[in-house]
Amino acid sequence: MMSFTLQRVMKAFVVILGVVILNFFLIKMAPGDPAVILAGEAGSGDPQFVERLRAEFGLDQPVLVQLWNYVSGVLRGDLGFSYRNQVPVLDLILDRLPATLLLTGAAFVFSLVTGILFGVLAARNRGNVLDSIITTLALIFYATPLFWIALMAVLLFSLNLGWVPPFDMETIGAGYTGWRRALDIAHHMILPVVTLGLFYTAIYTRLTRASMLEVMGLDFVKTARAKGVPKRRIIRRHVLRNAILPVFTFASMQAGQLVGGAILTETVFAWPGIGRLMFDALMQRDYPVLLGVFLVTAIVVVAINFIADLLYRFVDPRIAIA
Amino acid sequence: MTRWAALALAGAALLGGAAAAQSAPEGEPTPGGTLNMIVQPEPPMLITGLNTQGPTLYVGGQIYEGLLTYGADLAPLPQLAESWEAAEDGLTYTFHLQEGVNWHDGQPFTADDVVFAAEEFLVETHPRWRLIHEAYVEDVVAQDDTTVVFQMKKPFSAFLYGFDMSSFPIMPAHIYQGTDYRTNPANSTPVGTGPFKFDEWQRGSYIHLVRNEDYWKEGRPYIDDLYFRVIPDAASRAIAFEQGTVDLLRGGDVEGFTIRGLSEMPGVETTTAGWEYFSPQMFLQPNLRQEVFQNADIRKAIYHALDRDFIVNAIFFGQGTPSTGPFAASMLFHDPNVTQYPFDMDAAKELVANSGVDLSQHPIRLLGLPYGATWDRMTEYVKQQLEELGFVVSIQPVDAGGWLQAMGNFDFDLAFSFLYQYGHPAQGVSRIYYSDNQVRGTHAGNNGGYENPEVDALFRKAADALTEDEARAAYSQVQQILADEVPVLWMFDMLNTTIYRDKIHNLIRTGIGLNEPMDDVWIAQ
């Protein structure tokens, strides 16, 4: 176990370092740099102005020196300074991370709970109306692009029905505190969470249903039924327990997107999360911010994978640690 | 003969009249209320001295002030300078500052702050001031606490047109002097002299400004709170206005095709005023280093081949008026009586036929502006027209960074571009044509490679002119020459529509529009 953990940590370190270096060069290949963009957005700026900015950002140094400066900074826990915002990158990221984690975390729980629930319901009622309705809906949400669902949801539930606010994370200027504020945020969360979660709900539904049906035909289920175990209990203890593995695999993939997977949802719903920070940084060639977000994303993916590997043993004890 | 000094004095004298005219709107101003707006995209910072992007100026304009501002007719109006004089020889400018002005942290605003801005801060950080300072300004002196004198190396007829809050924002010397301006920790809590003070910035969500109780104009501002909200999706921004979450949309906040629908809602007003100082003009820039574009007849043929009324009306939903020449119609010294190139495909084809050039031998790349669907449609339309003319055209796909890089490296054949004209041709127009302004690394110079010593001489003459008539004569002549040679195809003067609810009064009062401090704006309660 110890050597396993150590090995994984070493691997993770190499992977993350690789991600940083690869991204660094990829970003450098994009045309334009932050100094040019700043001057461009100002609508003027002579070359001397641009050169001065470049020198200030350290962009006048050779690329390898820039890379070394960045990597050695990261190793010291310093993610650098945003060229554009003139704020430490870590502050920017920590500022925006909670909003994203709240959104993606809630969507994760939402899709897992609803997906498994619908999957079980469909499998239990295989072939009848409920099953058809569930599988049809799952197919629709699986196939429809996210942004379209988002826009239609805003149109229907916010504009026509007026049930939920169309965007923002909370009521701006209301000055709510404590529980009132939590309630307000929850109200604002409904649309983005459902929008973001529906795709995975559809996947979990289909996976759970298919996997359950497969397990239901196995001998030990027949035995249980012959023993006279109540149907409800067979489903819960025997079938679902054995059918959950594919869902678990997919859930660990969704969990890997906790940080970087919500750009579109954040944009449509004006959610002040990290996805938008990343997108803005990309358009503005704010390299340190972009690299910082990539780094955090990579760390989360690696960490989630590690946890998932450990959890596999509990979900299915037949799987030993490699 | 009108002297610059007379113009300046007239501007100062106008103060009384303008103030009187402003205090008689419909109904009595009612204090209080909150104004919700959108800032798009989110600015990187609010320090207008360090960043002159549109969104920074929009928010920062309520926090910081300049010495002057400009009317819709571009006449200089007082702001932090209550009056000013220019010597007849054009070598001395004296500004008399408002008394009793304090920074938001309570420190007094004095002439030293102006000197600091002019001689230190802006020289290092501002994209335009450094050039003016280097070429024209000899010395800046604080004579006493409220008097600043600019000594010039030589006369500059546009000098008084560069003192608004975007061209010459005054920064607090007591906070910045002797520090590294860009990394000064005070940058996260801007301190200005304006009618609103910084309160809070939730990045990605909103910026909140509150009323400056200590503002130097008695009883102003009327409004208590300003919220600038960050809503990244254009459709969501339109919804925000429809639902009343925000009461004001600035030009560019929503797509052209939603403007009409929003403006027809009850209780909603629109205006295109308030952009006169910036006068953005959109143009097609041929790269004159290419053989095919060195032929003036080919340039004229392309100009004739484009139906600019169609572009403005069908593609931009009326958000513009076709340009009549190199100066936007709202600019000083604009001369409409120059050669025109109306849409005429037959004339265009004839020009090409007579030139003897086989256009199919000169495949060209079209560099479009990466600002979304509307701009893409225009690029596609131009491609179609050029192909009808006989060109083989491909579109260079770029994002903002790619566009700037291609422009800055002269790596384009035919590029779309637009520039602000900044109140005076010497600030925003001549830079496109000066032969010696072909410098790599910027998109806002003479990127096309136009060279005409006569044009250079005329622009210089106008810039150095001591009288308005002298400047006007030179500018008229240069407009004639440019219109005859078409080094650039002036497409249209861009219009920006401000949409707002009619409970907001006195919203647009000057030629810098929404960047003007909202001290006189009030909301009917």
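In the block above lies the structure referred to throughout.
Residues numbered from 1 in each chain as written. Chains lettered and ligands numbered in written order. Predicted model: local features only at pLDDT ≥ 70, side-chain atom pairs only at ≥ 80, totals over all residues. Heavy atoms only, no water.

Draft legend 1. Inspection of the sheet that holds strand β5 (residues 92-97) of chain B at higher detail. Residue and element names in this part refer to chain B. As summarised here, the arrangement of the 4 strands in space is β4-β5-β7-β6, forming an open sheet in which the pairing is antiparallel. Each edge of the open sheet carries a strand with a single partner, namely β4 (81-86) and β6 (137-144). Taken over all neighbouring pairs, the strand axes of this sheet differ in orientation by 15° on average, direction set aside. Examined bridge by bridge, β5 and strand β7 (residues 147-152) share 5 bridges and lie antiparallel to one another. (Pairing = 2+ DSSP bridges. Helix = DSSP H or I, 4+ residues; strand = E, 2+ residues; numbered from the N terminus. Axes fitted to C-alpha atoms, helices over the stretch in contact; angles between N-to-C directions.)

Draft legend 2. Geometry of the interface of chain B and chain A. Facing the 46 residues of chain B at the interface are 45 residues of chain A. Its largest share of buried area at the contact with chain A, chain B owes to Arg130, Arg182 and Arg203 of chain B, together 17% of the area lost on that side. Across the chain B-chain A interface, the total number found is 9 residue pairs in polar contact (both at pLDDT 80 or more). Elements with a minimum of two residues in the side of chain B that touches chain A: α3 (111-125), α4 (129-136), β10 (225-229), α6 (234-242) and α13 (400-408) of chain B. Tallying contributions element by element places α13 of chain B first for the side of chain B that touches chain A, with 4 residues. (Contact = heavy atoms within 4.5 Å. Buried area = accessible area lost by both parts, 1.4 Å probe. Polar contact = N/O pair within 3.5 Å; in protein donor to acceptor, adjacent residues only side chain to side chain.)

Draft legend 3. Seen up close, α13 of chain B. When you tally the buried positions in α13 of chain B, you get 7 out of 9 residues, the bulk of the element. Next to the buried residues of α13 of chain B lie α2 (34-42) of chain A together with β15 (364-367), β16 (393-396) and β17 (414-419) of chain B. Directly beyond the C-terminal end of α13 of chain B, a positive phi value near 55° is found at phenylalanine 410 of chain B. (Buried < 20%, exposed > 50% of the residue type's maximum accessible area, 1.4 Å probe, protein only.)

Draft legend 4. Layout of the packing of helix α15 (residues 453-464) of chain B against helix α16 (residues 468-485) of chain B. All names here are of chain B. Look at α15 against α16: their axes get within 8 Å of each other, and the N-to-C directions meet at 155°. Taken together, α15 and α16 sit at an angle that is classed as roughly antiparallel. Once α15 is placed against α16, the crossing between them reads as left-handed. Contact with α15, carried on its side by Glu454, Val455, Leu458, Phe459, Ala462 and Ala463, involves Ala471, Ala474, Tyr475, Gln477, Val478, Ile481 and Leu482 of α16 and no other residues of that element. Looking at the contact of α15 with α16 residue by residue, the class counts come to 11 nonpolar, 1 polar and 1 charged. (Parallel < 35°, antiparallel > 145°, perpendicular 65-115°, else oblique. Left-handed = near helix turned anticlockwise from the far one by under 90°. Nonpolar A, V, L, I, M, F, W, Y, C, P; charged D, E, K, R; others polar.)

Draft legend 5. A look at the environment of threonine 146 of chain B. Residue and element names in this part refer to chain B. Inspection of the secondary structure assignment puts threonine 146 in the loop between β6 and β7. Each C-alpha atom of the pair threonine 146 and leucine 97 lies 4.7 Å from the other, and the pair is 49 residues apart in sequence. Not counting chain neighbours up to four residues away, the residues in contact with threonine 146 comprise Phe95, His96, Leu97, Gln98, Glu99 and Ala111.

Draft legend 6. Examining a nonpolar patch on the surface more closely. All names here are of chain A. A cluster of nonpolar side chains, Phe13, Val14, Leu17, Ile21, Phe25, Val63, Leu64 and Leu75, forms an exposed patch at the surface whose accessible area comes to about 690 Å². Residue assignment for the nonpolar patch shows that the elements contributing at least two residues are α1 (2-29) and α4 (63-75). The leading source of residues in the nonpolar patch is α1, at 5 residues. Here leucine 64 lies in helix α4. (Patch = residues over 30% accessible without salt bridge, like charges linked within 9 Å, V, L, I, M, F, W, Y side chains within 5 Å. Areas by Shrake-Rupley, 256 points an atom, 1.4 Å probe, with all protein chains shown as cover. Salt bridge = Lys/Arg side-chain N within 4 Å of Asp/Glu carboxyl O.)

Any link to function would need more than the numbers given here.
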